[in-house]
Amino acid sequence: MIGWVIALTVLAVLGIAGGIGWSRVSKEHHEARSLPLNAVDFSKLNDGTYHGMYGGGMYTWRANECQVTVSSGKVTDIQLVGSSDPGSKNTQHKALYDRVIQAQSLQVDTISGATLTSKAYLQAVENALGQAQHE
Amino acid sequence: MENRLVSQMTHCAMDTVMTHKAFGLNAEDSLESVHREIARIEKLLSRFLPDSEISRVNGSAGTKSEKVSRETYDVLSDAVEFSRCLPGCFDMTIAPLVTLWRAAKESLAQPDSSSIKQVLPLVNYRDLILDPWEMTAGLGNVGQSVDLGGIGKGFAGDRIQEVLKGFDISSACSNLGGHVVTLGAKPDGSLWHVGIQHPRQETGLIGSVSVVNQTLVTSGDYQRCFTDSQGKRHHHILNPRTGYPAESKLISVSIVSDKSLVADALSTVLFVAGMEKGLEFLKSFPQTEAILVDDDLQVFVTQGLRYRFRADKGIAVTILD
């Protein structure tokens, strides 16, 4: 249960980095919007450090790479290790990562009032956690 | 077998990200239907889709009325009702103003007062002509335009519940970009816990509300906002009377209601109306409750949520009479 609860929360989190002004070209923007995010079961994570990458759409503007640390079955740290997005110099992705970490302990099913969209960073996190997942 | 009992879907629609989770034998099929239904509604109501019914009405503004479907007609009628009940707080002909402020957001500069003055007379719900016999809708003046942004997701929420029920789903939760719709309780019988975004802390919540079969919608000044070159912040909830973002001292309004459309419209209405006038208006909606946050970050919760709202650490709450 908590796994998908968190996955839902994570998706609600997408709103956070909406301020990043990275979506001027509509084609790229549209592509970003249709990115699928798969549910990660947070209850089945193997300890370790994982690298996640996202290719970054048509012009690779949003390419980014992150490092996710799982210890005692929990996500304890997420670091941005590389990004082609000029907006990554500010700290908005950090807020997004914090939220993913925090989401594990939040006892909520979903969040009201968190809108906007920013999926590319989460795409890489998901990619990393996919590797951490065990059956 | 177990996999078929629960299904989850994420997609983009209505300019936001939507997630749905359903439990039951037909979970997967039900969510595919939900997805199609949302796309169908968007094709009726979005003013950004050139072929939508609303776009046709807008395109013929000042010229003629257009035939619309029963559903579009009903949503427009509901919107008129909300505009009428509390004048100056809600107006679905606000599109010209929204367009002005959207451009402002792009250029990071507040629109000049003369352009606001110029479009303000175009914002008037009384100019929407609805003919129930012919089932037509029309706008009285050239340049007028309907925007159902304050009510469209609400309508979609109500429709989602109907679609799910048609598949015998008794437990589901949809998040339409922050607009949360629940069907029944969770499969284990417990309540859904819906967190409410903290209006000033990106990663925080003000608390959570337990809901069953209800919608929770939050309107806040922190969504879709921008800071202009003078450093002044402008948010997206416009006061149709002044033409500027509403300044009612409320920075976040959440509504819990059985009806998703009502919750959607009321969250905007109360945000613009402010606490006193808004709460008075809320009384005419039974089974509808609110959580308000003012600009001092004080949280106010209506009586009916007394035992269902749980504040996050460090959040002070006043229960309203």
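A few points on the structure. Source: prediction; values computed, not measured. (Residues numbered from 1 in each chain as written. Chains lettered and ligands numbered in written order. Predicted model: local features only at pLDDT ≥ 70, side-chain atom pairs only at ≥ 80, totals over all residues. Heavy atoms only, no water.)

### Quick word on the sheet that holds strand S2 (residues 64-71) of chain A
Residue and element names in this part refer to chain A.
- With respect to topology, three strands assemble into an open sheet ordered S1-S2-S3, the strand pairing being antiparallel. Each edge of the open sheet carries a strand with a single partner, namely strand S1 (48-54) and strand S3 (74-83). The mean angle between the axes of side-by-side strands here comes to 20°, regardless of whether they run parallel or antiparallel.
- Bridge analysis of S1 against S2 gives seven bridges, and the strand direction is antiparallel. Opposite Met53, over in S2, you have Glu65 as the bridge partner. (Pairing = 2+ DSSP bridges. Helix = DSSP H or I, 4+ residues; strand = E, 2+ residues; numbered from the N terminus. Axes fitted to C-alpha atoms, helices over the stretch in contact; angles between N-to-C directions.)

### As for the pairing of strand S5 (residues 136-139) of chain B
Residue and element names in this part refer to chain B.
- Residues Thr136 and Gly138 point to one face of S5 and Ala137 and Leu139 to the other, with burial holding for every one of them.
- With two bridges connecting them, strand S3 (residues 66-67) and S5 associate as antiparallel partners. Considered in S5, the bridge of Glu66 is made with Ala137.
- As paired strands, strand S4 (residues 128-131) and S5 are joined by four bridges and run antiparallel to one another. Pairing of Ile129 across the sheet is with Gly138, part of S5.
- Hairpin connection of S4 to S5: four residues between the antiparallel strands, including Met135 at a positive phi of 55°. (Buried < 20%, exposed > 50% of the residue type's maximum accessible area, 1.4 Å probe, protein only.)

### A few points about helix H1 (residues 27-45) of chain B
Residue and element names in this part refer to chain B.
- Compared with the 27 Å implied by 1.5 Å per residue over 19 residues, the 27 Å span of H1 between its first and last C-alpha is a close match.
- Residues of H1 that are buried: Ala27, Ser30, Leu31, Ser33, Val34, Glu37, Ile38, Ile41, Leu44 and Leu45. Buried positions in H1, seen along its axis, are confined to an arc of 155° and lie on one side of it. Along H1, the residues that are exposed and aim more than 90 degrees away from the buried face are Arg36 and Lys43.
- Those residues of H1 that are buried are in contact with strand S1 (6-13), strand S2 (16-23), helix H2 (53-59), helix H3 (70-85), helix H6 (152-166) and strand S6 (171-176). (Expected span 1.5 Å × (residues − 1). Arc of directions from axis to C-beta. Contact = heavy atoms within 4.5 Å.)

### Looking at the packing of H6 of chain B against helix H7 (residues 260-273) of chain B
Residues and elements named next belong to chain B.
- Where H6 meets H7, the axes come as close as 7 Å, and the angle between the chain directions of the two elements is 160°. Between H6 and H7, the angle falls in the class roughly antiparallel. The handedness of the crossing between H6 and H7 is right-handed. Note on element contacts: H7 touches H6 through Ser260, Leu261 and Asp264, opposite Gly152, Lys153, Gly154, Phe155, Gly157 and Asp158.
- Across the contact of H6 with H7, the residue classes tally to two nonpolar, four polar and three charged. (Parallel < 35°, antiparallel > 145°, perpendicular 65-115°, else oblique. Left-handed = near helix turned anticlockwise from the far one by under 90°. Nonpolar A, V, L, I, M, F, W, Y, C, P; charged D, E, K, R; others polar.)

### What to know about the side chain of Ser7 of chain B
- By the secondary structure assignment, Ser7 of chain B is in strand S1.
- Overall, Ser7 of chain B belongs to the buried group, its relative accessible area being 12%.

### Some points on the environment of Arg40 of chain B
Residue and element names in this part refer to chain B.
- The topology assignment puts Arg40 in helix H1.
- Looking at Arg40, the relative accessible area reads 33%, which means it is partly exposed.
- With 123 residues separating them along the chain, Arg40 and Val163 place their C-alpha atoms 12 Å apart.
- Setting aside residues up to four positions removed in sequence, Arg40 forms contacts with Glu71 and Arg159.

### Examining the packing of H1 of chain B against H3 of chain B
Residues and elements named next belong to chain B.
- The contact between H1 and H3 brings their axes to 10 Å, and the two run at 65°. Comparing the axis directions of H1 and H3 gives the class roughly perpendicular. At the point where H1 passes H3, the crossing takes the right-handed sense. Note on element contacts: H3 touches H1 through Glu71, Thr72 and Val75, opposite Arg40, Leu44 and Leu45.
- Each residue belonging to the contact of H1 with H3 can be placed in one class, and the counts come to three nonpolar, one polar and two charged.

### Examining the side chain of Ser208 of chain B
- The residue Ser208 of chain B is located in strand S9 (residues 205-211) in this model.
- The class for Ser208 of chain B is buried, based on a relative accessible area of 5%.
- If we skip the residues at most four places from it in the chain, Ser208 of chain B touches Val108 of chain A together with Val194, Gly195, Arg308, Phe309 and Arg310 of chain B.

### Observations concerning H6 of chain B
All names here are of chain B.
- Between its first and last C-alpha atoms H6 spans 21 Å; for 15 residues at 1.5 Å apiece the expected length is 21 Å, and the two agree.
- Counting buried positions over the 15 residues of H6 gives eleven, a clear majority of the element.
- For H6, the full list of buried residues reads Gly152, Lys153, Gly154, Phe155, Ala156, Gly157, Asp158, Ile160, Gln161, Val163 and Leu164.
- Here the buried face of H6 lies against S2, H1, H3, S6, strand S7 (179-183) and H7.
- Two residues or fewer after H6 comes Asp168, characterised by a positive phi angle close to 60°.

### Describing the pattern of salt bridges
Residue and element names in this part refer to chain B.
- Inspection of every chain in the model, using the stated rule, returns twelve salt bridges over all chains.
- A salt bridge links Arg84 to Glu81, with the shortest nitrogen-to-oxygen separation between them at 3.9 Å. Here Arg84 and its partner Glu81 are both found in helix H3, three residues apart, which amounts to about one turn of the helix.
- A salt bridge links Asp221 to Arg200; its shortest N-O distance comes to 2.7 Å. Here Asp221 is found in the loop between strand S10 (215-220) and strand S11 (226-227), whereas its partner Arg200 is found in the loop between strand S8 (192-197) and S9, with 21 residues between them in sequence. (Salt bridge = Lys/Arg side-chain N within 4 Å of Asp/Glu carboxyl O.)

### Considering the pairing of strand S14 (residues 289-294) of chain B
Residue and element names in this part refer to chain B.
- Counted residue by residue, S14 has six buried out of six residues, so it is predominantly covered.
- Burial along S14 is two-sided: the face carrying Glu289, Ile291 and Val293 and the face carrying Ala290, Leu292 and Asp294 are both buried.
- The pairing of strand S13 (residues 250-257) with S14 spans six bridges and is antiparallel. Across the sheet, residue Ile255 finds its bridge partner in S14, namely Ala290.
- The pairing of S14 with strand S15 (residues 299-301) spans three bridges and is classified as antiparallel. Across the sheet, the residue bridging to Val293 is Val299, located in S15.
- Remark: four residues form the turn of the hairpin made by S14 and S15, two consecutive strands paired antiparallel; Leu297 in that turn has positive phi of roughly 65°.

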